[in-house]
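# Tertiary structure, described
Residues per chain, in single letters:
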Amino acid sequence: MSGQRFSRPGRSDYKHKKKEHKFYLIMGVDTEQYQGDQVARQPSPPRAADLVTTLKKALFIVGSTTIIFVALRNSLTYHLQHFWGASGNFWQHQWDKILYTFGDDQFHLQVWGTFVVSYVVYWTVGLIYTFMDITAWPPLLRRYKIQPGTNEPVQPGKLVKCILWVNFNQIFVGVPFCVVCHYLFQLRGCDKSPQLPTFHWVLFEFVVFILMEEVAFYYSHRLFHHRLLYKHFHKMHHEWQSPISITAIYAHPIEHVLSNMGPVLLGPLILGSHVATIWLWVSLALISTLNAHSGYHLPFFPSPEAHDFHHLKFNQCYGVLGVLDLLHGTDDKFRATKCFSRHLMMLSLIPPREAYPDYTPMEKVIKGKQC
């Protein structure tokens, strides 16, 4: 104890926390009071117009993904074949090279291959968003922030903790989970052919994957919001009331298995999918959740408004597509806000908050995200 001094938080730290707490109180949320859902909801029956609107949005997401996928498959394949001079089917040629390099060992492909693909995709996309949060550059993109004034810049301590925990989940939780899934695939039986599945079969599988993920994620996510489970597991994820992209799998390991990885791999396990299809699906699922947690509503990207609102209000918008939220009445507050008006893919460069601004009765623009 001789000569030892204990460091005290600086005045700036107190001011920052006080400012952040004040911001969320303005938004109508007290981060300390919410301890999980206390009672069962009594949802009001969804209106026919709301159901039609939600179904249209869900079909638009699935349909636009399919169209983009088809366009990329046709045009990108042609250009790649023309550029590299690959003979035959370009994608099959690339897959043959993977099998030639790493061998046709299903354990290596399903475990280590899935780990490498998911890790590279997660950090390639996630670090682009993180660079924007750390540097506040390019400044033009700040106009697309969903919660203006938050994470500008992101706090270094929270960021380091997030990065370390996400890597723990990916390596020490994700790899053993892939091993278990490998043996489950062997028991169920899966496509082990060196030939890639047909394009039309992959499209069918993706429709099943999306529906299975929506059901599994909604109910597992909502279960972790139960008051008996929330404080032990899911509260960790909600430390980020204004999330950034890489917080997508910042979660308790048990939640990461049951609510993050489980719903994504449920569809491939049921259908016994080819490992290449699994890699593609996992990549798209990761890009989707990274966008949903990014805090940016960028043009021509799927809207992250619903999940961002979930982080802000805690007990709204549990699902991905929004259909089950509507049926269970878990998006009623969200639908009553301007945030819902912004919950669409912006097909212009106008920021959503400028296209659908918040106004007070005195015709003054509200600062922040006071929907």
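Residues numbered from 1 in each chain as written. Predicted model: local features only at pLDDT ≥ 70, side-chain atom pairs only at ≥ 80, totals over all residues. Heavy atoms only, no water.

Looking at an unreviewed UniProt entry, one finds the protein named Fatty acid hydroxylase domain-containing protein, with Petrolisthes cinctipes as its source organism.

### Things to note about the overall build of the protein
Each helix and strand counted, the protein has 14 helices and zero strands in total. Each helix and strand of the protein, placed in order from N terminus to C terminus, yields the pattern α-α-α-α-α-α-α-α-α-α-α-α-α-α. When the 371 residues of the protein are sorted by exposure, 45% land in the buried category. Within the protein, counting contacts between residues at least 6 apart in sequence, those at least 24 apart form 75% of the total. Accessible surface computed for the protein: about 20200 Å², of which carbon and sulfur atoms make up 68%. (Helix = DSSP H or I, 4+ residues; strand = E, 2+ residues; numbered from the N terminus. Buried < 20%, exposed > 50% of the residue type's maximum accessible area, 1.4 Å probe, protein only. Contact = heavy atoms within 4.5 Å. Areas by Shrake-Rupley, 256 points an atom, 1.4 Å probe, with all protein chains shown as cover.)

### Considerations on unusual backbone geometry
Along the chain, W137 connects to P138 via a cis peptide bond; the corresponding omega equals 0 degrees. Relative to the helices and strands, P138 is located in the loop between α4 (106–135) and α5 (156–188). Residues E152 and P153 are joined by a peptide bond in cis, for which omega reads -5 degrees. Residue position: P153 is located in the loop between α4 and α5. Phi angles above zero are rare outside glycine, and A136 is one such case at about 55 degrees. Here A136 lies in the loop between α4 and α5.

### Considerations on the packing of α5 against helix α8 (residues 253–271)
At a minimum axis distance of 10 Å, the contact between α5 and α8 shows a crossing angle of 35 degrees. Relative to α8, α5 is oriented so that their crossing is right-handed. Contacts from W165, F168, N169, V173, G174, F177, C181, L184, F185 and R188 of α5 reach α8 at P253, H256, V257, M261, G262, L265, P268, L269, I270 and L271. Its residues assigned to classes, the contact of α5 with α8 comprises 15 nonpolar, four polar and one charged. (Axes fitted to C-alpha atoms, helices over the stretch in contact; angles between N-to-C directions. Left-handed = near helix turned anticlockwise from the far one by under 90°. Nonpolar A, V, L, I, M, F, W, Y, C, P; charged D, E, K, R; others polar.)

### Overview of the pattern of salt bridges
One pass over the full model with this rule turns up six salt bridges. Between E354 and R143 there is a salt bridge, with the nearest N and O atoms lying 2.9 Å from each other. Note that E354 is positioned in helix α14 (residues 352–355) and R143 in the loop between α4 and α5, a separation of 211 residues in sequence. E354 gets classed as partly exposed once you look at its relative accessible area, which sits at 46%. In this structure, the salt-bridge partner of K161 is E239, at a minimum N-O distance of 3.5 Å. In this pair, K161 is assigned in helix α5 and E239 in the loop between α7 (227–230) and α8, connecting sequence segments 78 residues apart. Looking at K161, the relative accessible area reads 43%, which means it is partly exposed. Here the salt bridges do not stand alone but share partners, grouping R342, R353 and D358 into one network. (Salt bridge = Lys/Arg side-chain N within 4 Å of Asp/Glu carboxyl O.)

### Describing the nonpolar core
Formed by 34 residues in total, the largest nonpolar core has its most connected members in Y122, V166 and I246. Among the elements of the structure, α4, α5, α6 (199–223), α8 and α9 (275–292) are those that each provide at least two residues to this core. The leading source of residues in this core is α5, at seven residues. Residues within four places of V166 in sequence aside, it is in contact with Y122, W123, I246, I249 and Y250. (Core = buried A, V, L, I, M, F, W, Y, C linked by side-chain atoms within 4.5 Å.)

### Thoughts on the packing of aromatic side chains
Geometrically, a pair of aromatic rings is defined through the distance of the ring centres and the angle of the planes. For the structure on display, the rule yields 19 aromatic pairs. Ring centres of F115 and Y119 lie 5.7 Å apart, and the angle between their planes is 45 degrees; on these two criteria the pair is classed as tilted. Residue F115 and its partner Y119 are located together in helix α4, separated by four residues, close to a single helical turn. By relative accessible area, Y119 is classed as partly exposed at 27%. Where Y122 meets W123, the ring centres are 5.4 Å apart and the plane angle is 75 degrees; that geometry is what we call edge-to-face. Overall, the relative accessible area of 0% leaves Y122 in the buried class. W123 gets classed as buried once you look at its relative accessible area, which sits at 10%. In this structure an aromatic cluster arises from ring pairing among W112, F115, Y119, Y122 and W123. In this arrangement the basic side chain of K158 is found over the ring face of W240, its NZ or CZ atom lying 4.2 Å from the centre. (Phe/Tyr/Trp six-rings, centres within 6.5 Å; stacked < 30°, edge-to-face > 60°. Lys NZ or Arg CZ within 6 Å of the ring centre and 35° of its normal.)

### Things to note about the side chain of Q110
Of note, Q110 is situated in helix α4. Within polar-contact distance, the side chain of Q110 engages the side chain of H182 at 2.7 Å. Other than its neighbours up to four places away in sequence, Q110 contacts C178, H182, F185, Q186, C190 and V275. (Polar contact = N/O pair within 3.5 Å; in protein donor to acceptor, adjacent residues only side chain to side chain.)

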